[in-house]
Amino acid sequence: MSHRIYRMSFASVYPLYVQKAEKKGRTKAEVDEVLRWLTGHSQASLEAEIAAKTNFEDFFARAPRLNPNRELITGTVCGVRVETIEEPLMRELRYMDKLIDELAKGRKLEKILRTA
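An account of the accompanying structure is given in this report. (Residues numbered from 1 in each chain as written. Predicted model: local features only at pLDDT ≥ 70, side-chain atom pairs only at ≥ 80, totals over all residues. Heavy atoms only, no water.)

**Quick word on the overall build of the protein chain**
- In terms of regular secondary structure, the protein chain is built from 7 helices and 2 strands.
- When its helices and strands are written in sequence order, the protein chain yields α-α-α-α-α-β-β-α-α.
- Computed over C-alpha atoms, the radius of gyration of the protein chain comes to 13 Å, within 12% of the 13 Å expected from 2.2 N^0.38 for 116 residues, which places it in the range of a compact globule.
- Projected onto its principal axes, the C-alpha coordinates of the protein chain cover approximately 35 × 30 × 25 Å.
- For the protein chain, with 116 residues in total, the buried portion stands at 47%. (Helix = DSSP H or I, 4+ residues; strand = E, 2+ residues; numbered from the N terminus. Rg over C-alpha atoms; globule rule 2.2 N^0.38 Å. Buried < 20%, exposed > 50% of the residue type's maximum accessible area, 1.4 Å probe, protein only.)

This is how it looks when you write it as structure tokens:
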């Protein structure tokens, strides 16, 4: 099943992630760090995907290395438990949303990145 969000450009949502984090005193650099942790992108390749207006489906398909620890991400996004989402791409999107939510809620970066 192809959801409409899969065809949306990552670049159209990225500024909203940054805005959400900055409203809560976090930085664009922290947003980028979380996204690099999740996808394995370098800063340059992350910026290239944004500049290319890559859609979400291709963004995740081209991710250099999805972090295996992303499966440790649990909790709810939009009232749905991320760990129970069956559709793989939707689960990746919700993992990303959950990481940004945790950042905006003031969680320590080490905990967000599942290193502590």
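Alright, that's what it looks like, and here's the rest.
**Quick word on helix α2 (residues 10-23)**
- Over its 14 residues, α2 runs 20 Å from end to end, which matches the ideal 20 Å to within 8%, given 1.5 Å per residue.
- Listed as buried for α2 are Phe10, Ala11, Val13, Tyr14, Tyr17, Val18 and Ala21. Looking straight down α2, one finds that the buried residues subtend no more than 155° of arc, so they occupy a single side.
- One or two residues past the end of α2 sits glycine 25, with phi positive at roughly 85°. (Expected span 1.5 Å × (residues − 1). Arc of directions from axis to C-beta.)

**Quick notes on the packing of aromatic side chains**
- Per the stated rule, a full pass over the model turns up 4 aromatic pairs.
- Pairing phenylalanine 10 with phenylalanine 59 gives two aromatic rings, centres 4.1 Å apart and planes at 10°, and the pair type is stacked. Remark: phenylalanine 59 occurs in helix α5 (residues 56-61) and phenylalanine 10 occurs in helix α2; sequence separation between them is 49 residues. The same class applies to phenylalanine 10 and to phenylalanine 59, which are both buried. (Phe/Tyr/Trp six-rings, centres within 6.5 Å; stacked < 30°, edge-to-face > 60°.)

**A look at the nonpolar core**
- Core analysis: the biggest nonpolar cluster contains 33 residues, and Phe10, Val31, Phe60 and Met96 have the highest contact counts within it.
- At the level of elements, α2, α3 (28-39), α4 (43-51), α5, α6 (88-104) and α7 (109-112) are the ones that each hand at least two residues to this core.
- Here the element with the most residues in this core is α6; it accounts for 8 residues.
- If we ignore the near neighbours within four places in the chain, the residues touching phenylalanine 60 are Leu38, Thr39, Leu66, Leu89, Glu92, Leu93 and Met96. (Core = buried A, V, L, I, M, F, W, Y, C linked by side-chain atoms within 4.5 Å. Contact = heavy atoms within 4.5 Å.)

**Section: the pattern of salt bridges**
- Applying the stated criterion across every chain, the model contains 9 salt bridges.
- Between glutamate 30 and arginine 26 there is a salt bridge, and its shortest N-O distance comes to 3.1 Å.
- Across the pair aspartate 97 and arginine 94 runs a salt bridge, and its minimum N-O distance is 2.7 Å. Taken together, the positions of aspartate 97 and arginine 94, both in helix α6 and 3 residues apart, correspond to about one turn of that helix.
- On the accessibility criterion, aspartate 97 (15% relative accessible area) is buried.
- What emerges from the salt-bridge pattern is a single network uniting Glu102, Arg107 and Arg114. (Salt bridge = Lys/Arg side-chain N within 4 Å of Asp/Glu carboxyl O.)

**Observations concerning α3**
- Between its terminal C-alpha atoms α3 stretches 16 Å, which fits the 16 Å expected from 12 residues at 1.5 Å a residue.
- All buried positions along α3 are accounted for by Glu30, Val31, Asp32, Val34, Leu35, Trp37, Leu38 and Thr39.
- On its buried face, α3 is in contact with α2, α4, α5, α6 and α7.

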